[in-house]
Amino acid sequence: MALTILILRLIICILVSPLYLLSFLGVWSWICKKCFPYFLVRFSVMYNKQMASKKRELFSNLQEFVGPSGKLSLLEVGCGTGTNFKFYPPGCMVTCVDPNPNFEKFLIKSIAENRHLQFERFVVAVGENMHQVADGSVDAVVCTLVLCSVENQEQILREVCRVLRPGGAFYFMEHVAAERSTWNYFWQQVLDPAWYLLFDGCNLTRESWKAVERAGFSRLKLQHLQAPLTWELVRPHIYGYAVK
């Protein structure tokens, strides 16, 4: 089986070899940073439509974590185009972090469409180093479809714990590796290198639940599901929240 995966990976790599050449020359990363937001706008509409009920369920108890200020202070890591905004409660104070500055104009549009929120600021930074956000300064951190593409899951989760106040909550919804005995997992392994290149560093085979379980939260509610998505490769999901 491992040899079959290797051969199929090689065939696919040959097919997308022009992209690998662009990546080697340092051009592909620039193209991705410019074009990926436009792809994500379209993808997010489809994803939100198909996952709306699960997102409403996920964020239904956000208000339980309102801090002493009386308003919910929320940090979204890897905010993208702001497609989670409509699921946040009224009066929520939102700070966004994303390493791609090209998302800002899409965020501005999302802010205008979600007047029930109080937008604080947009910080250009990777999730593994959010030094612009003070220790213990937020009530909730949200991370959706982000752990698949970060460089270091353990480090980003350490940063999440750092910025959360005691008793604050980390909310997550992530696509993950399929069960190892399935054909879906077979094709995830085959397509993973090309997928990583095409989708700006996204990994198909990450078992992200393990990193969340090891992060040292005092309480964790984590569920696995087969998301009702068109693309079978990204149907395996985890979602839930963890309390600091």
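Look above for the structure.
Everything in this summary refers to the structure shown in the same document.

Conventions and cut-offs
- Residues numbered from 1 in each chain as written.
- Predicted model: local features only at pLDDT ≥ 70, side-chain atom pairs only at ≥ 80, totals over all residues.
- Heavy atoms only, no water.
- Core = buried A, V, L, I, M, F, W, Y, C linked by side-chain atoms within 4.5 Å.
- Buried < 20%, exposed > 50% of the residue type's maximum accessible area, 1.4 Å probe, protein only.
- Contact = heavy atoms within 4.5 Å.
- Helix = DSSP H or I, 4+ residues; strand = E, 2+ residues; numbered from the N terminus.
- Polar contact = N/O pair within 3.5 Å; in protein donor to acceptor, adjacent residues only side chain to side chain.
- Pairing = 2+ DSSP bridges.

## As for the nonpolar core
Here is step 1 of the chain: With 41 residues, the main nonpolar core has Phe-59, Leu-62, Leu-74, Tyr-88, Val-94 and Tyr-171 as its most contacted residues.
Here is step 2 of the chain: In contact with Val-94, not counting residues within four places along its chain, are Leu-74, Phe-85, Tyr-88, Leu-117, Gln-118, Phe-119, Glu-120 and Arg-121.
Here is step 3 of the chain: Met-130, Leu-147, Val-160 and Val-163 belong to the second-largest nonpolar core, a separate cluster that totals 28 residues.

## What to know about helix H5 (residues 153-163)
Here is step 1 of the chain: Of all the positions in H5, only Gln-153, Ile-156, Leu-157, Glu-159, Val-160, Cys-161 and Val-163 are classed as buried.
Here is step 2 of the chain: Among the structural elements, strand S1 (73-77), strand S4 (138-144), strand S5 (164-175) and helix H7 (208-213) are those in contact with the buried residues of H5.
Here is step 3 of the chain: N-cap assignment for H5: the residue whose side-chain oxygen lies 3.1 Å from the backbone N of Glu-154 is Asn-152.

## Things to note about the pairing of strand S7 (residues 236-243)
Here is step 1 of the chain: For S7, the buried fraction is high: eight of the eight residues fall into the buried class.
Here is step 2 of the chain: On S7, burial covers both faces: Pro-236, Ile-238, Gly-240 and Ala-242 on one face and His-237, Tyr-239, Tyr-241 and Val-243 on the other are all buried.
Here is step 3 of the chain: Relative to S7, S5 runs antiparallel, the two being bridged by seven bridges. Across the sheet, the residue bridging to Ala-169 is Val-243, located in S7.

## Side note on unusual backbone geometry
Here is step 1 of the chain: Its identity as a non-glycine residue notwithstanding, Leu-145 has a phi of 55°, on the positive side.
Here is step 2 of the chain: Note on placement: Leu-145 falls in the loop between S4 and H5.
Here is step 3 of the chain: Using a relative accessible area of 25% as the deciding quantity, one classes Leu-145 as partly exposed.
Here is step 4 of the chain: Phi is positive for Asp-200, which is not a glycine, with a value near 55°.
Here is step 5 of the chain: Asp-200 gets classed as partly exposed once you look at its relative accessible area, which sits at 23%.

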